[in-house]
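Given next are the chains, with one letter for each unit.
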Amino acid sequence: MTTALVLGGGGVAGIAWEAGVVTGLRRLGVDLGTADRIVGTSAGSVVGTLVATGADLEEAVAHQAKVDTGPPPAVDMNEVMQAFAVMFDPNLDRREARRRVGQMALAAKVDHAAERLAVKEWPERELLITSVDATTGEFVVWDRSSGAPLVLAVASSCAVPMVFPPVEINGRRYVDGGVRSATNADLAAGARALVVLEPLGNLTPRAVLDAEMAKAGAAASYVVHPDTASVAVFGENVLDPGLWGPAFRAGLDQAATLAEPVATVWS
């Protein structure tokens, strides 16, 4: 493996923005879709699957903008903040923290929602999708050999605790891979060149990603966070279906400033 693309979580805004950045860079001659390994967490699992299967990202986002026109999911922000407090509690063992959040997710009363993908089969490309066992807190990485259907693997990675219910795979229930990390960039270990797209980079602790990048150990790397204009577009609710178009365009616009530094790493 020589190149790796890591795609982090970030709801509807994250999916659309990442798709816009990848599309914009491709138009400028920098094709992140050639990555030897693609790692997707939550929103990134959707974009990673589309990239790995060669789907038209702009078309996929445009389709979602047409069909996903309802209100944002009903969310009890008090419960969400409680889950985040557990996730980032420095006094808790990381697996124990994930287990506690998983238990909270299992007990929550939420409506069912899962990502709908046009593709149903795992690609030949190396695609890694992250999730967490809701009962034990075990970190799980799905790939084509893991025995999980692609659609369920992606749905489990997108099962944000307290927002969407855990997803059952082979008799066990799983929640968002973002419970471990918004990026899980350490799964890119062994890559010479590494590019990370982190839609929630302005909200998540820097120490987590720094430690993951150190473990990955790439000779050349570049991390892309939303710029000021993109953050303004995201607003306060990254799950808002109204963000499909605006966040995609924000990613397209930002790509113009990224082409040179990303190309330097990717080449």
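Residues numbered from 1 in each chain as written. Predicted model: local features only at pLDDT ≥ 70, side-chain atom pairs only at ≥ 80, totals over all residues. Heavy atoms only, no water.

Student: Explain the pairing of strand β6 (residues 172–176) to me, and be specific about the residues and the numbers.
Tutor: Pairing analysis gives three bridges linking strand β3 (residues 126–133) to β6, with the strands arranged antiparallel. Opposite Asp133, over in β6, you have Tyr174 as the bridge partner. Where strand β5 (residues 167–169) folds back on β6, the antiparallel hairpin that results is connected by two residues, among which Asn170 adopts a positive phi of roughly 50°. (Pairing = 2+ DSSP bridges. Helix = DSSP H or I, 4+ residues; strand = E, 2+ residues; numbered from the N terminus.)

Student: Any details on the side chain of Ser42? Residues and values, ideally.
Tutor: Structurally, Ser42 is set in the loop between β2 (37–40) and α2 (43–52). Of the polar contacts made by the side chain of Ser42, one reaches the side chain of Asp176; its length is 2.9 Å. When near neighbours in sequence (up to four residues on either side) are disregarded, Ser42 contacts Gly9, Ser157, Cys158, Val160 and Asp176. (Polar contact = N/O pair within 3.5 Å; in protein donor to acceptor, adjacent residues only side chain to side chain. Contact = heavy atoms within 4.5 Å.)

Student: Report on the packing of aromatic side chains, specifying residues and quantitative values.
Tutor: As enumerated under the stated definition, the model contains two aromatic pairs in all. A centroid spacing of 6.4 Å and a plane angle of 85° characterise the contact between Trp17 and Phe234, whose relative ring orientation is edge-to-face. One end of the pair, Trp17, is in helix α1 (residues 11–27); the other, Phe234, is in helix α8 (residues 228–234), and 217 residues separate them in sequence. Given the relative accessible area of 0%, Trp17 is considered buried. Their ring planes at 80° and their centres at 5.0 Å tell us that Trp142 and Tyr174 sit as a pair that is edge-to-face. In this pair, Trp142 sits in strand β4 (residues 139–142) while Tyr174 sits in strand β6, placing the two residues 32 residues apart along the sequence. The class for Trp142 is buried, based on a relative accessible area of 5%. (Phe/Tyr/Trp six-rings, centres within 6.5 Å; stacked < 30°, edge-to-face > 60°. Buried < 20%, exposed > 50% of the residue type's maximum accessible area, 1.4 Å probe, protein only.)

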